[in-house]
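Each chain, letter by letter, is given below.
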Amino acid sequence: MISLLDKIFFRKNNLENISKKIKDLSNTPQLKKIFDSINSFSEKSEIRLVGGCVRKILNNEKVDDIDLATNLEPTEVAEILKKNQIDFYETGIKHGTITAIIDDQKFEITSLREDLLTDGRHAQVKFSKDWRSDALRRDFTINSIYSDRDGNIFDPFNGKEDLKKGYIKFIGDGDKRIKEDYLRILRYLRFFVCYSKQKHNPETLKIIKKNIDGISQLSKERLLDELKKITTPDNLIKISKDKQ
């Protein structure tokens, strides 16, 4: 009974700690300005933290980049940022991404979307208002976790639990996910090195081997950027320990 109570209180304290970290991050002057600007645009407008920054908070890591998702279209986001005197540039407006810049800090804001057609490198997209549809087009369960500014988590594919147990799982059909963007092969390896506590799923390895030639379609810039992330000092140390 005591053990059960300890677990309950630990879980409660852990959730409160995560919520506090998210609130603290959201209330930094730069992010607060973005949240206030987007959320006050209309009764239904909303913006949430997503991906790496949420994953890192859940895993008690340092947050070094911040991605956000919104149910507004990129033209509306640009209008809001301009109205609130927030500098920005249209990083990939065709795919729904605008980068806001406040005090030399960059924040990628991407509209909710569905990928209609992909060729392994690029995608034709349709903007959406549906948070789950946006999550469906993402790569791994641990990267499809959203949070509002108050620390309320939206986790449609149980990525939080996968992160805790060290599972690196594609969302839906792994073969389809990889064919949408062959960079996901390298991303899988990076996240496996960083977060896995399990052995490779044999089916996942089979799918990767089947699609490995697709990497040759990627630009040198994207390949180098991902390889840099894989070969950080921390990752190399982890790889070295795993071999021992």
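Being a predicted model, the structure only gives us computed values, none of them experimental.

### Looking at the overall build of the chain
Scanning the chain from terminus to terminus reveals eleven helices and nine strands. Looking at the chain residue by residue over its 244 residues, the buried ones come to 44%. Taking contacts inside the chain between residues at least 6 apart in sequence as the whole, the part at least 24 apart equals 58%. Carbon and sulfur atoms make up 51% of the accessible area of the chain, which totals about 14200 Å².

### Some thoughts on unusual backbone geometry
Most peptide bonds adopt trans geometry, and most residues besides glycine take a negative phi value. The backbone phi angle of N60 is positive, close to 60°, even though this residue is not glycine. Along the chain, N60 turns up in the loop between helix 3 (52-58) and strand 2 (66-70). Since its relative accessible area comes to 58%, N60 is described here as exposed. Look at Q85: it is not a glycine, yet its phi comes out positive at around 55°.

### Things to note about the packing of helix 8 (residues 183-195) against helix 10 (residues 220-230)
Following both chains from N to C, one finds helix 8 and helix 10 inclined at 5°, their axes separated by 9 Å at the closest point. Considering their axes alone, helix 8 and helix 10 lie roughly parallel with respect to each other. In this structure, helix 8 contributes L183, L186, R187 and R190 to the contact, and helix 10 contributes R222, L223, E226, K229 and I230. Partitioned by chemical class, the residues of the contact of helix 8 with helix 10 number four nonpolar, no polar and five charged.

### With respect to the pairing of strand 5 (residues 105-111)
Note: strand 2 against strand 5, five bridges, orientation parallel. Within strand 5, the residue paired with I66 across the bridge is F107. Two successive antiparallel strands, strand 4 (residues 97-102) and strand 5, enclose a turn made up of two residues, where D103 displays a positive phi of approximately 55°.

### A word on the environment of P74
Secondary-structure assignment places P74 in helix 4 (residues 74-83). Taking the relative accessible area as the measure of exposure, P74 reaches 5% and is therefore buried. Considered as a pair, P74 and K94 are 20 residues apart in the sequence and their alpha carbons are 8.6 Å apart. Discounting residues that sit within four places of it in the chain, P74 has contacts with I93, G96, I98, S111 and F127.

### Structural notes on the side chain of E226
Inspection of the secondary structure assignment puts E226 in helix 10. Accessibility expressed as a relative area gives 2% for E226, which makes it buried. Among the polar contacts listed, one links the side chain of E226 to the side chain of R190, at a separation of 2.5 Å. In contact with E226, not counting residues within four places along its chain, are L183, L186, R187 and R190.

Here is what the cut-offs are and how they apply
Residues numbered from 1 in each chain as written. Predicted model: local features only at pLDDT ≥ 70, side-chain atom pairs only at ≥ 80, totals over all residues. Heavy atoms only, no water. Helix = DSSP H or I, 4+ residues; strand = E, 2+ residues; numbered from the N terminus. Buried < 20%, exposed > 50% of the residue type's maximum accessible area, 1.4 Å probe, protein only. Contact = heavy atoms within 4.5 Å. Areas by Shrake-Rupley, 256 points an atom, 1.4 Å probe, with all protein chains shown as cover. Axes fitted to C-alpha atoms, helices over the stretch in contact; angles between N-to-C directions. Parallel < 35°, antiparallel > 145°, perpendicular 65-115°, else oblique. Nonpolar A, V, L, I, M, F, W, Y, C, P; charged D, E, K, R; others polar. Pairing = 2+ DSSP bridges. Polar contact = N/O pair within 3.5 Å; in protein donor to acceptor, adjacent residues only side chain to side chain.

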